[in-house]
Amino acid sequence: MPAIYVDADACPVKDEVVRVAERHGLKVFMVAQGGLPARPHPLVERVLVSEGWDAADDWIAERIGPHDLCVTQDIPLAARCLEKGAKALSPAGRVFDRASIGMALAMREIAQHRRETGEGGGGPAPFSKRDRSIFLQALENAVQAARRGRP
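Since the model is a prediction, treat every value here as computed from it, not as a measurement.

K.L.:
For the environment of A88, give the residues involved together with the corresponding values.
P.N.:
Tracing the chain through its elements places A88 in strand β5 (residues 87-89). Look at A88 and you get buried, because its relative accessible area is 1%. Along the backbone, A88 and L139 are 51 residues apart, and their C-alpha atoms lie at a distance of 9.4 Å. Contacts of A88, omitting those with residues within four sequence positions, involve C70, A78, L82, R94, V95 and F96.

As structure tokens, this is what we get:
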């Protein structure tokens, strides 16, 4: 059975992940440096990592395996998960795969350069109900594919 790893710091879809995990009986690892909700759940293991720039990312990347899923906004973490044979998707429902991760990393670099030179914009749009719906469908599709052992 696949597991779901959530890069939980500032993740807006933690409740949605738990709902999908309940439907499929999947283990969820909520990994964060900061506080996590105190709501215990039998399928959810809360993991608080030490402070450090990439501590949560490193914890996930070291443990995730083939057919597992990672929910993250962090494109380099998504790339690391794909290298391990796992699936990765963003809280907005964007599915990262081997065909798209290179472009995503390049666009991230361009955006970072623009911010450093003062050309950056105001950040992402507020998270909407539509974003949640898109995420739920993408996660459901990813879970079903992982359970069948498909990429």
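So that's the structure; there's more coming.
K.L.:
Which residues make up the pattern of salt bridges, and what are the values?
P.N.:
For the coordinates displayed, the defined rule picks out five salt bridges. One salt bridge in this structure joins R23 and E140, with 3.1 Å as the shortest N-O distance. Pair noted here: R23 is in helix α1 (residues 14-24) and E140 is in helix α5 (residues 129-147), with a separation of 117 residues, a long-range link. Overall, the relative accessible area of 12% leaves E140 in the buried class. The partner of D58 in a salt bridge is R80, and the shortest N-O contact between them spans 2.9 Å. Here the residue D58 occupies a position in helix α2 (residues 55-63), and R80 occupies one in helix α3 (residues 75-83), the gap between them amounting to 22 residues. Residue classification places R80 among the partly exposed residues on the basis of a relative accessible area of 30%.

K.L.:
Let's hear about unusual backbone geometry: which residues, and what values?
P.N.:
Look at A10: it is not a glycine, yet its phi comes out positive at around 65 degrees. With respect to the secondary-structure elements, A10 resides in the loop between β1 (4-7) and α1. Take A10: its relative accessible area is 67%, and that puts it in the exposed class. Although it is not a glycine, H67 sits at a positive phi angle of roughly 75 degrees. Here H67 lies in the loop between α2 and β4 (69-71). The partly exposed category is assigned to H67, whose relative accessible area is 33%.

Reading the values: rules and limits
- Residues numbered from 1 in each chain as written.
- Predicted model: local features only at pLDDT ≥ 70, side-chain atom pairs only at ≥ 80, totals over all residues.
- Heavy atoms only, no water.
- Helix = DSSP H or I, 4+ residues; strand = E, 2+ residues; numbered from the N terminus.
- Buried < 20%, exposed > 50% of the residue type's maximum accessible area, 1.4 Å probe, protein only.
- Contact = heavy atoms within 4.5 Å.
- Salt bridge = Lys/Arg side-chain N within 4 Å of Asp/Glu carboxyl O.

Keep in mind these values describe shape, not function.
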